[in-house]
Amino acid sequence: MQDVLHQLALGFVHLTTPVNALALAVGLVVGMLVAVLPGLTLVMGVVLALPFTYGMGITESIVLLTAMYLSGTYGGAFTSILFRIPGEPLDVPLLWDGYPMARQGQPAKALGWVLLAALAGGLITAVSAVALAVPFAKFALRFDAPEYFAIVLFGLSGVVALSGGSLAKGVISLCVGLLLATVGVDDTYGADRFTFGIPILKDGIEYLTVMVGAYGLGEVLTRMEQGFVTPAMESDRKVETRLPRWREIRPLRGTVLRSSLIGVICGIVPGAGATVGSFVAYGVEAQYGARRNKLGTGIPEGIVAPQLASTATVGGHMVPLLALGIPGSGATAVILGAFLLHGVQPGPQIFQTSGDMVYTIFASMFAAVIGMCLLGYFAIKPLIWVLRLPEAATSAFVALFCFVGAYSARNSLTDLWMIVIFGVVGYLFERYRFPIAPMVLGCILGPVAENSFMTSMIAYQNDWTIFFTRPISGVVMAFTVLALAWPLYRHVRGVLRARHAAPRIGGLGPEAKP
């Protein structure tokens, strides 16, 4: 414990260097702006920032993206409470009590409650990341190639949660991502795969172009088809924040404890994330809260629970990312991409090889929590002002950042064409309601899974049962099967119930009259 605190103190010292401090400040401001603007998702903002980290050091890159990730879970609360416009899906539960409180003439009080929840959730997420990452890493030191393959496969099973309601479409999107990851020269045997004699495909398809094109340019094309229908916001309402008093906070201790636990757990579980944590925390409060009958009328519990849980998921996500190299959400998948861009593979060894970097990231999480709360308190008026920008103008800036960022990564025109291609792919995915996140997950984790699988096959004489006979990998594979089988079971059960109910419903028709 003393060693952890000592390393964390050194992390704060490293964070005070100008480049790290600047990265932290820029990340907080950009993450807040992205969350405030409707239509710009948190994942899209982190993706657009990723190419610009190519010329930066690894530490400041991760500090920048983590600060964006953390502040992005808070910024969308402003538009949800003041204008009934959720900046992110995770902000939807804030509409149910935050907006009613604002409509009752208490917008400053509602903003104060959400600021307090973000502060509590942020501190909890930073503490949980520091407390859980090292034990996770020590446990992961027991892993060999079969265990890594099982863990990556379990991470890919997060497609269930990222599928947006359709498991079939989620699996198809994941398979497209895995297929894109195989394009190029095979690392083991040196054979060309799916290059079709095209020289530019021999180097493979950069997951950076897939992410930026599908998320960024694809969203711009979708908005263009819709005619940029989202109007610019105008509001003459006085915008300020008033913090609640201690006697108002004290009765919410149970809400804080429940939502904190839910947020950390949803962060650790692959595929759950801030949106799931936000909805689950609100649902638990509706079932077990002391004032559950008043939820939806504008009470503090309905604001604190979802905001605290969504912010608390960030630390939970960072634990498997750093200790195992497995992203638990779309944003952490992009952060994993930043690690790989700089030649760093997260995993249990990272605490020995790059301990200074890891604890600087942890220190930046504490600083980011304080920074985003100060930013939200003092800079709320200019943050809300950006809502006056027309949607066409923000979309133009998004497209510009897509092309500039992609070109600056490798100075290659090929990447620009790839951006266009995957922008069209992202547009088609959105139009036909295929989730993009599984495709991105497949592009990033596909090569890791393939390398672990091939290493296992070579080391264990092509014995595929090794994934099930070794204790740790066997348990993880069992969880993976359950994660994939449970939604299928629920779907089949729903279909059977519907078929059994059909004859009874039909029997109530006119032909059933005596």
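Residues numbered from 1 in each chain as written. Predicted model: local features only at pLDDT ≥ 70, side-chain atom pairs only at ≥ 80, totals over all residues. Heavy atoms only, no water.

> Help me understand the overall build of the chain, please; the structure alone is not making it clear to me.
Helix and strand content of the chain: 23 helices and two strands. A total of 514 residues make up the chain; the buried ones form 53% of that total. As presented, the chain carries roughly 23000 Å² of accessible surface, and 66% of it is formed by carbon and sulfur atoms. (Helix = DSSP H or I, 4+ residues; strand = E, 2+ residues; numbered from the N terminus. Buried < 20%, exposed > 50% of the residue type's maximum accessible area, 1.4 Å probe, protein only. Areas by Shrake-Rupley, 256 points an atom, 1.4 Å probe, with all protein chains shown as cover.)

> Explain unusual backbone geometry here, please?
Within the chain, Phe196 stands out as a residue other than glycine whose phi angle is a positive 55°. Under the relative-accessibility criterion, Phe196 is labelled exposed at 68%.

> Just to check I follow, could you spell out the packing of helix α10 (residues 207–226) against helix α20 (residues 413–431) for this structure?
Angle between the axes and distance between the axes are the two parameters that describe a pair of packed helices. Interhelical geometry of α10 versus α20 gives an angle of 55° and a closest axis separation of 6 Å. It follows that α10 is oblique to α20 by the angle criterion. Crossing handedness for the pair α10 and α20: right-handed. On the side of α10, the interface is formed by Thr209, Val210, Val212, Gly213, Ala214, Leu217, Gly218, Glu219, Leu221, Thr222 and Glu225, while α20 contributes Asp415, Met418, Ile419, Val420, Phe422, Gly423, Val424, Gly426, Tyr427, Glu430 and Arg431. Considered class by class, the residues forming the contact of α10 with α20 number eleven nonpolar, six polar and five charged. (Axes fitted to C-alpha atoms, helices over the stretch in contact; angles between N-to-C directions. Parallel < 35°, antiparallel > 145°, perpendicular 65-115°, else oblique. Left-handed = near helix turned anticlockwise from the far one by under 90°. Contact = heavy atoms within 4.5 Å. Nonpolar A, V, L, I, M, F, W, Y, C, P; charged D, E, K, R; others polar.)

> Explain the confidence of the model for the chain here, please?
Segments scoring low in pLDDT should not have their predicted coordinates read at a detailed level. Summary statistics for the chain give a mean pLDDT of 81 and a share of 87% for residues scoring 70 or more. No element of the chain has a lower mean pLDDT than helix α8 (residues 159–162), at 58, and none a higher one than helix α22 (residues 466–469), at 91. Note that pLDDT drops below 50 for residues 508–514; the model gives that stretch two contacts with residues more than four away or on any other chain. (pLDDT = per-residue confidence, 0-100.)

> For this particular structure, what's the right way to read the pattern of salt bridges?
Pairs can form between side chains of opposite charge whenever their charged atoms are close. Applying the stated rule across the entire model yields eight salt bridges. A salt bridge links Glu450 to Arg193; its shortest N-O distance comes to 2.6 Å. Within this pair, whereas Glu450 is found in helix α21 (residues 437–459), its partner Arg193 is found in strand β2 (residues 192–193), the two being separated by 257 residues in sequence. Its salt-bridge partner being Arg258, residue Glu285 comes within 3.1 Å of it at the nearest N-O pair. Within this pair, whereas Glu285 is found in helix α13 (residues 273–288), its partner Arg258 is found in helix α12 (residues 253–268), the two being separated by 27 residues in sequence. Judged by relative accessible area, which is 3%, Glu285 ranks as buried. (Salt bridge = Lys/Arg side-chain N within 4 Å of Asp/Glu carboxyl O.)

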